[in-house]
Amino acid sequence: TVYALVPPSETTTNLAIDSIAGGGELVRSGQPFRVNTFVRNTGESRLVDIPIALWISGRRVQQRTITVAPNERVAVEFLTMLPNPGWISGRVEIVDDALITDNVRWFSLDVPPETRITIIGEATQSRASLEAIFTSPDRSSPYRINVRSVADIDRQDVESADVVILNEHANVGDRVAGWLRDAVHRGTGLLVLIGPETDLQYLNRQV
């Protein structure tokens, strides 16, 4: 990495990329992808119409302009689409700022070709309906379905899922509840479909 030494007189005007986040949604090719970033003015002057750019895989896809007062922190949002599945690299960059060392934040993510859904529940009519909803007759469904009963679920079934659907029967036991809790903390979606045996207080305590 090469760092530029900037004279003190130039550092009185400086913007920095403070943080960057991917919006929290499931990321799929051809679907909207949101990038949220915060830009901070660490200098002493009000900066007007400063361009901020989003780059995806080496290509600038969007640009915004911001005005920031001294010591102010401004949110900047980009909404774009990712063209293909696979590993994607990107960055948010402040254009033409004097102190280059804090002008860029990078990110990378793996865009899978399909949404992985694990359905946990017994062999009921409602579980069969869920399978039918997420399965395409022509095999072009954007979902990969994994169906497990409470008795045969394992850690890998939970850890490999983008979304876990708990169907009707919520008494999964402490071990499975722990797997679900860890998965939710990592960003996995959890959908609980209430049935006659559902104990939401138990789920709230355990998950």
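Quantities reported herein were computed from a predicted structural model and do not represent experimental measurements. (Residues numbered from 1 in each chain as written. Predicted model: local features only at pLDDT ≥ 70, side-chain atom pairs only at ≥ 80, totals over all residues. Heavy atoms only, no water.)

Participant: Give a detailed account of the overall build of the protein, specifying residues and quantitative values.
Facilitator: Helix and strand content of the protein: four helices and eleven strands. Sorting the 207 residues of the protein into buried and exposed places 37% on the buried side. The long-range fraction of contacts in the protein, counting pairs at least 24 apart against all pairs at least 6 apart in sequence, stands at 66%. Of the roughly 11,900 Å² of accessible surface on the protein, a fraction of 49% belongs to carbon and sulfur atoms. (Helix = DSSP H or I, 4+ residues; strand = E, 2+ residues; numbered from the N terminus. Buried < 20%, exposed > 50% of the residue type's maximum accessible area, 1.4 Å probe, protein only. Contact = heavy atoms within 4.5 Å. Areas by Shrake-Rupley, 256 points an atom, 1.4 Å probe, with all protein chains shown as cover.)

Participant: Quick one: what's the story with the environment of Phe107, residue by residue and with numbers?
Facilitator: Here Phe107 lies in strand S7 (residues 104–111). If we ignore the near neighbours within four places in the chain, the residues touching Phe107 are Ile20, Phe33, Val35, Leu54, Trp55, Ile56, Ile88, Ser89, Gly90 and Arg91.

Participant: Tell me about the nonpolar core, residues and numbers included.
Facilitator: Ranked by size, the top nonpolar core spans 23 residues in total, and within it Val39, Ile52, Ile66, Leu82 and Leu109 carry the most contacts. Those elements giving two or more residues to this core turn out to be strand S1 (15–21), strand S2 (32–41), strand S3 (47–56), strand S4 (59–68), strand S5 (73–81), strand S6 (86–94) and S7. Looking at which element gives the most residues to this core, the answer is S3, with five residues. Apart from the residues within four sequence positions on either side, Leu109 is in contact with Val27, Phe33, Leu82, Gly86, Trp87 and Ile88. Core analysis: the second largest hydrophobic core is formed by 15 residues, Ile120, Val158, Ala161 and Leu166 among them. (Core = buried A, V, L, I, M, F, W, Y, C linked by side-chain atoms within 4.5 Å.)

Participant: Now, about the packing of aromatic side chains: what can you tell me, with residues and values included?
Facilitator: Scanning the entire structure with this criterion turns up two aromatic pairs. Measuring from centroid to centroid gives 6.3 Å for Phe33 and Phe107, while their planes differ by 50°, and the two rings are tilted. In this pair, Phe33 sits in strand S2 while Phe107 sits in strand S7, placing the two residues 74 residues apart along the sequence. Residue Phe33 shares its accessibility class with Phe107, and that shared class is buried. Each ring, one from Phe134 and one from Tyr143, has its centre 5.2 Å from the other, and the planes form 80°; the classification is edge-to-face. Positioned above the aromatic ring of Phe38 is the side chain of Arg73, whose terminal nitrogen or guanidinium carbon lies 3.9 Å from the ring centre. (Phe/Tyr/Trp six-rings, centres within 6.5 Å; stacked < 30°, edge-to-face > 60°. Lys NZ or Arg CZ within 6 Å of the ring centre and 35° of its normal.)

Treat this as a map of the structure, not an account of what it does.
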